[in-house]
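Breakdown of the fold
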Amino acid sequence: MSGMYDEPTVSDVKLTPYPHEERGVQYGRAKDPVKFLQAAEQRAREHQVAIETIKILRRDVIECYRREGVNHFENCRDVAARYYHQIQKKDMGVLQPKWADPSKSQP
């Protein structure tokens, strides 16, 4: 068969992040433009992952509310709490690199 009914598996691939590179102080140029662009792409991917995580959690909350009906206050509390805590994090839980300016990475 197509494997559609097999148990879902988790990939054991480990992705390593690109080293974080900030713009230079002089003229706003990066010291290594390739590293800077790779780091910018990495941050964009992390942001997209955070958005998709929020969408999945929102879908789970809506599904639970519809399934539970009038008892959703009691039965969907943990699902709604996970969604609430994720959207309350800074940048919706996006993984942040270690910035030279510490105010950028403060929660």
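Residues numbered from 1 in each chain as written. Predicted model: local features only at pLDDT ≥ 70, side-chain atom pairs only at ≥ 80, totals over all residues. Heavy atoms only, no water.

1. Remarks on the overall build of the protein
- The secondary structure content of the protein amounts to three helices and zero strands.
- With 107 residues in all, the protein has 18% of them scored as buried.
- Counting only contacts in the protein whose residues sit at least 6 apart along the sequence, the fraction spanning at least 24 positions is 44%.
- On the protein, roughly 9,200 Å² of surface is accessible, and the fraction owed to carbon and sulfur atoms is 55%. (Helix = DSSP H or I, 4+ residues; strand = E, 2+ residues; numbered from the N terminus. Buried < 20%, exposed > 50% of the residue type's maximum accessible area, 1.4 Å probe, protein only. Contact = heavy atoms within 4.5 Å. Areas by Shrake-Rupley, 256 points an atom, 1.4 Å probe, with all protein chains shown as cover.)

2. Focus on the nonpolar core
- If you look at the biggest cluster of nonpolar residues, it comprises five residues: Ile 54, Leu 57, Val 61, Val 79 and Tyr 83.
- Listed by contribution, the elements that provide at least two residues to this core are α1 (33-68) and α3 (77-88).
- The element best represented in this core is α1, accounting for three residues.
- Discounting residues that sit within four places of it in the chain, Val 61 has contacts with Val 79, Ala 80 and Tyr 83. (Core = buried A, V, L, I, M, F, W, Y, C linked by side-chain atoms within 4.5 Å.)

3. Focus on unusual backbone geometry
- The residue Asp 91 is not glycine, and still its phi comes out positive at about 55 degrees.
- Position of Asp 91 among the secondary structure elements: in the segment after α3.
- The class for Asp 91 is partly exposed, based on a relative accessible area of 38%.

4. Thoughts on the side chain of His 72
- Tracing the backbone through its elements, the reader meets His 72 in helix α2 (residues 72-75).
- The class of His 72 is buried, set by a relative accessible area of 18%.
- In this structure His 72 touches Tyr 65 and Arg 77, once residues within four positions along its chain are discounted.

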